[in-house]
Every structure is written in C-alpha cells, then in structure tokens.
Amino acid sequence: MYKNDIDFEIRRDLLDSIENRYPFEGHADPNYLRGAWDEIQTRMECCGVDSYMDWIHAGKSGGTSVPDSCCRYPNNQPDCGHLKGNDNGIHKQGCYLKLKEEIHGKVHVVISVLVICALVQVFGLILAMVLFCLLRRYEDRE
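Residue indices begin from 1 for each chain and proceed along its sequence in written order. Per-residue local features are limited, in this predicted model, to residues with pLDDT of at least 70; the limit for side-chain atom pairs, both in listing and counting, is 80 or more; totals at the level of whole chains, interfaces and linings are taken over all residues. For the side-chain quantities, the full set of heavy atoms in the structure was used; hydrogens and water were omitted.

Is there a simple way to explain the state of the cysteines in this structure?
Note on terminology: a disulfide is the covalent bond linking the sulfur atoms of two cysteines. Disulfide: a pair of cysteine sulfur atoms within 2.5 Å of each other. Tallied over the full model, the rule gives two disulfides. Two residues, Cys46 and Cys95, share a disulfide whose sulfurs are 2.0 Å apart. The disulfide joining Cys46 to Cys95 has a torsion of about 100 degrees about its S-S bond and is therefore right-handed. Remark: Cys95 occurs in the loop between helix 3 (53-58) and helix 4 (96-105) and Cys46 occurs in the loop between helix 2 (33-44) and helix 3; sequence separation between them is 49 residues. Three labels apply to residues, based on accessible area from a 1.4 Å probe with only protein chains included: buried if under 20% of the type maximum, exposed if over 50%, partly exposed otherwise in between. In this structure Cys95 comes out as buried when scored by relative accessible area, which is 1%. A run of DSSP states H or I qualifies as a helix once it reaches four residues; a run of E qualifies as a strand once it reaches two. Both are numbered from the N-terminal end.

Next comes the structure, spelled out in structure tokens:
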C-alpha cells in the first residue's frame, strides 16, 4: 500500500515540476530546476516523466516544443526541441521508470551505508559507557 502511495507522490511531484515550476527559456532558474531536468534527460536519454508528451501538455511552450535535453543529438541541431510537426529527433520514453530502475539498482549501497552508520553509532555508545564506568571507578577510589 505504501509503495503505491510513494510512487504516486513522486510521479505527481515530477509532473508538477514540469507543469508549474519549470522555468522555460527566457525565465530565471533560481532553483536550478532546468539544469536538473536537463542533466537527467541528457544522461538517461529520456524525456518528461512518462513521455515527451508531458512537456507538450505543460503548454508553456505553446505545446510545440520540449527542452533541447530531450533531443537525441542536441549538439548537432540547435533548437532541436522545437518539434515543428516532427518528433523523430527526440527521446520518447519518460524518465520516471528509468530513475526508478536506477534507484532500485543502488538500494543495496544505501542499505549498506545505513547499516555501517548504525554500527558506528552503537560502537560509540559502547565506548561512551566504558568511559563512564572507568570514570566512576576512578572517582570511587578517591
């Protein structure tokens, strides 16, 4: 039950970042949201949350363009995100499933780091208790 809720919330937040918070060209990007989306879409070779249509439905570009980071060859074609009736040059698969797969692939690393942190804290507690006991013995001798 919680897994579906988390999936829903993440997908909703990603869509919201496109529809309501993404700063299209000519607008300031104080939260670096454009840079984050560009990095994800370029590196993972994807576009939008579920598909490139998420950008079209956002409507801020008049429903005719996607960010250039959605393009298959962004360096070869300036303004390749302006579709002009042709969507062959862009990635059509969304980024959500690719992000989810990447995160699932690294869960063991996250769990390992958390276990190590927990062990370090327990070790610290044990050392603190030993130090406390030694100080108490020292005080009792005096």
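We are not done yet, so read on.
Would you explain the packing of aromatic side chains in this entry?
To describe a pair of aromatic rings, you give the distance between the ring centres and the angle between the ring planes. Pairing of aromatic rings covers Phe, Tyr and Trp, the last through its six-membered ring, and needs centres within 6.5 Å; plane angles under 30 degrees mean stacked, over 60 mean edge-to-face, and all others mean tilted. The tally for this structure, following the rule as stated, stands at two aromatic pairs. When the ring of Tyr22 is compared with that of Trp55, the centres are 4.7 Å apart and the planes differ by 70 degrees; the resulting orientation is edge-to-face. With Tyr22 in the loop between helix 1 (2-21) and helix 2 and Trp55 in helix 3, this pair connects stretches of sequence that are 33 residues apart. No difference in accessibility class separates Tyr22 from Trp55, as the two residues are buried. Between Trp37 and Trp55 the ring centres are 5.7 Å apart and the planes differ by 80 degrees, which places this aromatic pair in the edge-to-face class. Of this pair, Trp37 sits in helix 2 while Trp55 sits in helix 3, and the two are 18 residues apart along the sequence. Residue classification places Trp37 among the buried residues on the basis of a relative accessible area of 4%. A relative accessible area of 0% places Trp55 in the buried class. Connected via pairs of aromatic rings, a cluster forms that spans Tyr22, Trp37 and Trp55.

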